[in-house]
Amino acid sequence: MDRIAGRFTRVEPRRRIRRLVLGLLSDLPRKNCWTIAEWAGEASPDGMQHLLNRAKWDADAVRNDVRDYVAERLHDDHAVLVVDETGDVKKGTRTVGVQRQYTGTAGRIENSQVAVYLVYAGQRGHAAVDRELYVPRSWTDHPDRCQAAGLAPGTAFATKPELAARMIARFLDAGHHASWVAGDEVYGGNPKLLVALEERGTGYVLAVACSHEVTTRAGRFRADALAKRFPKRAWQKLSAGVGAKGHRFYDWAVIELPDPRPGHRHLLIRRNRTTGELAYYRCYSPQPVPLTTMVKVAGSRWRVEETFQAGKGLAGLDEHQVRRYASWSRWVTLAMLAHAFLAVVRADEHARQPAPDDLIPLTCNEIARLFITLIIERVHDTAHRLRWSHWRRRHQARSQASHYRRQAAAPA
């Protein structure tokens, strides 16, 4: 909290921002302005809502602080930047960026809000360092709608790969280093993103569709057609990294793609050893690298799923109940900060006090439990609980009366 204190000119928002972040780290079953304000001992949620919506502070500056904190404390010379999006299912049409669209959170098309995140993944740990809200054309084509949601005037439509390129550029322009970028087919299938990374000399291992075409010395082929031409001896059993159930072993094959431009380009193919299912990756590196390195980078992509799971489960990343862009950006930035704290503590504990053989190393979940129990657990008296009960009922009564008045005024 000391790192971001300078972003707030007055002491009141500094104190409240601390209570809000501690609330995000608490074990509340649901985290929003109401529940966190009650947990923090405030008389109403007005202060928390003001902090997210109208108070003067720069969420992007705090985001930069989080990025610098993660890159400094989880530093790895061979770090991978992983890009991916996640969606939050929402009701209604007023929440910024919401529309019916596919979200992996639900596994289907839902009324949802989608954001693209950049995750720093290194040997010591992983955490989100940047975020961009995906604003569909159904919003950018209607400036009045954007203005009502607090988006900047002239907000233009940007694809998810364009948002990813924007975040990667911010990270590298800030003076931080990452050897590789990883991502799924949404990003691997975008030529502009590949060119942008190659121009910066940043390696990548990005998934592509089976229909993706590549040019080899024997001609141009679809990725799936090329895989059928590989002899048995071309496949190698390698681990893509350690998961919850041990090493993730797959069969891997790689073919070099000739290109007159500087650098080295490959098509990497992964085969499931049980089902035979294939996955394909477009790869680039400024210098020659072994197959094991490309496999390791490909396996790093799973870190983003772990980051989303921890950010949502431990820091309330997806529990914001806000409609305007400023409130969204502030909430997710503070949730990123809360999760980054847990990731850094975990990394420091692993380095300082390795676990004995009969214990697994400390996890972010266990650190959160200990932090809640030993540091931030709060106990409020009965009067405080009753005041909040009355506040909720009074607010709900006003909302109910307002709804009835609108219903009565509606034409028959």
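Refer to the structure presented above.
Residues numbered from 1 in each chain as written. Predicted model: local features only at pLDDT ≥ 70, side-chain atom pairs only at ≥ 80, totals over all residues. Heavy atoms only, no water.

With that settled, the discussion passes to helix α13 (residues 325-352). If you check α13, its first and last C-alpha atoms are 40 Å apart, about what 28 residues at 1.5 Å a residue would give, namely 40 Å. Counting buried positions along α13 yields 20 of 28 residues, so the element is predominantly enclosed. (Helix = DSSP H or I, 4+ residues; strand = E, 2+ residues; numbered from the N terminus. Expected span 1.5 Å × (residues − 1). Buried < 20%, exposed > 50% of the residue type's maximum accessible area, 1.4 Å probe, protein only.)

With that settled, the discussion passes to helix α7 (residues 160-173). Here α7 is 14 residues long and its end C-alpha atoms lie 20 Å apart, about the 20 Å a rise of 1.5 Å per residue gives. Buried within α7 we find Lys160, Pro161, Leu163, Ala164, Met167, Ile168, Phe171 and Leu172. With its buried residues spanning 165° around the axis, α7 presents them on a single face. (Arc of directions from axis to C-beta.)

Another point: empty space enclosed by the protein. Any space left empty among the atoms is revealed by the rolling of a water-sized probe across them. What the rule picks out here adds up to three cavities of 30 Å³ or more. What lines the largest cavity is simply Tyr117, Ala128, Thr307, Phe308, Gly311, Leu317, Ala335, Met336 and His339. Contributions of two or more residues to the lining of the largest cavity are made by α12 (302-315) and α13. Residues of the lining of the largest cavity, tallied by class, amount to six nonpolar, three polar and no charged. Taken as a whole, the second largest cavity spans an internal volume of roughly 40 Å³. Here the lining of the second largest cavity gets four residues from one element, more than from any other, and that element is strand β3 (residues 108-121). Its residues placed into classes, the lining of the second largest cavity shows four nonpolar, two polar and one charged. (1 Å grid on protein atoms, 1.4 Å probe; cavity = no way out; pocket = protein on both sides within 12 Å on 5 of 7 lines; lining within 4 Å. Points joined across faces, edges and corners; volume = space filled by probe spheres on them. Nonpolar A, V, L, I, M, F, W, Y, C, P; charged D, E, K, R; others polar.)

Where like charges cluster on the molecular surface, the positive patch consists of Arg94, Arg323, Arg405 and Arg406. Mapped onto the fold, Arg94 is located in the loop between β1 (80-89) and β2 (99-103). (Patch = residues over 30% accessible without salt bridge, like charges linked within 9 Å, V, L, I, M, F, W, Y side chains within 5 Å. Areas by Shrake-Rupley, 256 points an atom, 1.4 Å probe, with all protein chains shown as cover. Salt bridge = Lys/Arg side-chain N within 4 Å of Asp/Glu carboxyl O. Lys, Arg positive; Asp, Glu negative; His and termini not counted. Charge placed at Lys NZ, Arg CZ, Asp CG, Glu CD.)

Let us look at the pattern of salt bridges. Counted by the stated rule, this structure contains 28 salt bridges. Notably, a salt bridge pairs Asp130 with Arg170, separated by 2.9 Å at the nearest N-O pair. Residue Asp130 is located in strand β4 (residues 126-133), and its partner Arg170 is located in helix α7; the two are separated by 40 residues in the primary sequence. The exposure class assigned to Asp130 is buried, which follows from its relative accessible area of 2%. Glu213 is the partner of Arg220 in a salt bridge, and the nearest nitrogen-oxygen pair spans 3.1 Å.

So, on to the layout of surface pockets. Size it by volume and the largest pocket reaches roughly 1400 Å³. With six residues, the top contributor of residues to the lining of the largest pocket is α13. Of the volumes computed, that of the second largest pocket is approximately 530 Å³. Among the elements that take part in the lining of the second largest pocket, helix α3 (residues 46-53) stands out by supplying three residues, more than any other. Taken together, the residues of the lining of the second largest pocket break down into five nonpolar, nine polar and six charged.

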